[in-house]
Amino acid sequence: MAEAAVGSQTLNENNAKSLFAVLALNAAAFYLVEHAMAITVGDWIALATGWMSALPAGVGVVLTGILNAQIGDELKARMVFLRWRFPYPGSEAFSRYGPRDPRVDMAALSTAFGPLPTERKEQNALWYRLYRTIASHPVIEHVHRKFLFARDYSFISLILVVILGAAAAVTMPIKTAAIYVIVLVLQWALATRAANVSGHRFVTTVLAQKGAGN
């Protein structure tokens, strides 16, 4: 899978608002947790004047968004799929993911494009060639966009564990900070799982479409 694929830049741009919402919600959640006591007792003056304490965390959230735009697709794939060499799921398209998906007609693929490769590099190369022929298909664009969003969300949530976790350790009581960091780690784990699943779905959807003659 090559993330310089047709249309990926447009899909990333379409995901920008959703990713910004993720960052904004995380910043808001940090502020609310940090000032939970003031909210509980209705100390609105403390809330109104306490925003400065959350400013470093807010700056960190902004920097997280900027960093996400600078990091390459291959590194993000490595972090999602936990594989250094040939990290894209397309590298196991024909040996692992295609045969497991009931939508994929492996016999038709073998007849049309066989013999199907077994080496990861060749598998990814063939999968990418197939993808390019139907990149603009609405179904493919949909699953591709979902994968790109989940992948970037996974990366962002990992950086937030570090940045907001460090901020919580400084500004929150120990127990509150510990619970908050656990929630951040859970967010990262769920986002990474979603990226993993959606990446595999992206790969097999391409195979299913090509096996059906599209």
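Structure shown above.
Thresholds applied
- Residues numbered from 1 in each chain as written.
- Predicted model: local features only at pLDDT ≥ 70, side-chain atom pairs only at ≥ 80, totals over all residues.
- Heavy atoms only, no water.
- Phe/Tyr/Trp six-rings, centres within 6.5 Å; stacked < 30°, edge-to-face > 60°.
- Helix = DSSP H or I, 4+ residues; strand = E, 2+ residues; numbered from the N terminus.
- Buried < 20%, exposed > 50% of the residue type's maximum accessible area, 1.4 Å probe, protein only.
- Core = buried A, V, L, I, M, F, W, Y, C linked by side-chain atoms within 4.5 Å.
- Contact = heavy atoms within 4.5 Å.
- Expected span 1.5 Å × (residues − 1).
- Salt bridge = Lys/Arg side-chain N within 4 Å of Asp/Glu carboxyl O.
- Polar contact = N/O pair within 3.5 Å; in protein donor to acceptor, adjacent residues only side chain to side chain.
- Axes fitted to C-alpha atoms, helices over the stretch in contact; angles between N-to-C directions.
- Parallel < 35°, antiparallel > 145°, perpendicular 65-115°, else oblique.
- Nonpolar A, V, L, I, M, F, W, Y, C, P; charged D, E, K, R; others polar.

Draft legend 1. Here's a closer look at the packing of aromatic side chains. Under the counting rule described, the total for this entry stands at 8 aromatic pairs. Ring centres of Phe149 and Tyr153 lie 5.8 Å apart, and the angle between their planes is 55°; on these two criteria the pair is classed as tilted. Of this pair, Phe149 and Tyr153 both sit in helix 9 (residues 138-171), 4 residues apart, roughly one helical turn. Under the relative-accessibility criterion, Tyr153 is labelled partly exposed at 21%.

Draft legend 2. Up close: the nonpolar core. By size, the foremost hydrophobic cluster in this structure holds 28 residues, and its most contacted members are Phe94, Trp127, Tyr131, Phe202, Val206 and Leu207. Those elements that place two or more of their residues in this core are helix 5 (73-81), helix 6 (93-100), helix 7 (106-113), helix 8 (120-133), helix 9 and helix 10 (174-211). Per-element tally for this core: the top contributor is helix 10, with 6 residues. Dropping the residues within four chain positions of it, Val206 is found in contact with Trp127, Leu130, Tyr131, Ile134 and Ile140. Ranked by size, the runner-up nonpolar core spans 14 residues in total, among them Phe30, Leu160, Ala167 and Ala177.

Draft legend 3. Expanded view of unusual backbone geometry. Look at the link from Gly114 to Pro115: it is a cis peptide, with omega at 0°. Take Pro115: it is sitting in the loop between helix 7 and helix 8. One non-glycine residue, Leu82, adopts positive backbone phi at about 55°. Tracing the backbone shows Leu82 in the loop between helix 5 and helix 6. Phi angles above zero are rare outside glycine, and Phe86 is one such case at about 50°. Within the secondary structure layout, Phe86 lies in the loop between helix 5 and helix 6.

Draft legend 4. Representation of helix 8 within the structure. Between its first and last C-alpha, helix 8 extends 20 Å over 14 residues, near the 20 Å set by a 1.5 Å rise per residue. Buried residues of helix 8: Gln123, Asn124, Leu126, Trp127, Tyr128, Leu130 and Tyr131, and no others. For helix 8, the secondary structure elements touched by its buried residues are helix 6, helix 7, helix 9 and helix 10.

Draft legend 5. Representation of the pattern of salt bridges. Considering all chains together, one arrives at 8 salt bridges under this definition. Notably, a salt bridge pairs Arg83 with Glu92, separated by 3.4 Å at the nearest N-O pair. The class of Arg83 is buried, set by a relative accessible area of 14%. The exposure class of Glu92 is buried, given its relative accessible area of 9%.

Draft legend 6. Expanded view of the side chain of Asn15. Mapped onto the elements of the fold, Asn15 is located in helix 1 (residues 8-34). At a separation of 3.0 Å, a polar atom in the side chain of Asn15 contacts the side chain of Arg145. Excluding residues that lie within four positions of it along the chain, Asn15 makes contacts with Arg145, Leu148 and Phe149.

Draft legend 7. Representation of the packing of helix 5 against helix 10 within the structure. As a packed pair, helix 5 and helix 10 sit with axes 9 Å apart at the nearest point and diverge in direction by 105°. With respect to helix 10, the element helix 5 is oriented roughly perpendicular. Each of Met79, Val80 and Phe81 in helix 5 lies in contact with helix 10, whose residues at this interface are Thr192, Ala195, Asn196, Gly199 and His200. Class assignment of the residues belonging to the contact of helix 5 with helix 10 gives a composition of 4 nonpolar, 4 polar and no charged.

Draft legend 8. Structural detail: the environment of Thr192. The residue Thr192 is located in helix 10 in this model. Residue classification places Thr192 among the buried residues on the basis of a relative accessible area of 11%. For the pair formed by Thr192 and Val80, sequence separation is 112 residues and the distance between their alpha carbons is 5.7 Å. Apart from residues lying up to four places away in sequence, Thr192 is in contact with Met79, Val80 and Ser154.

Read these as geometric descriptors, not functional statements.
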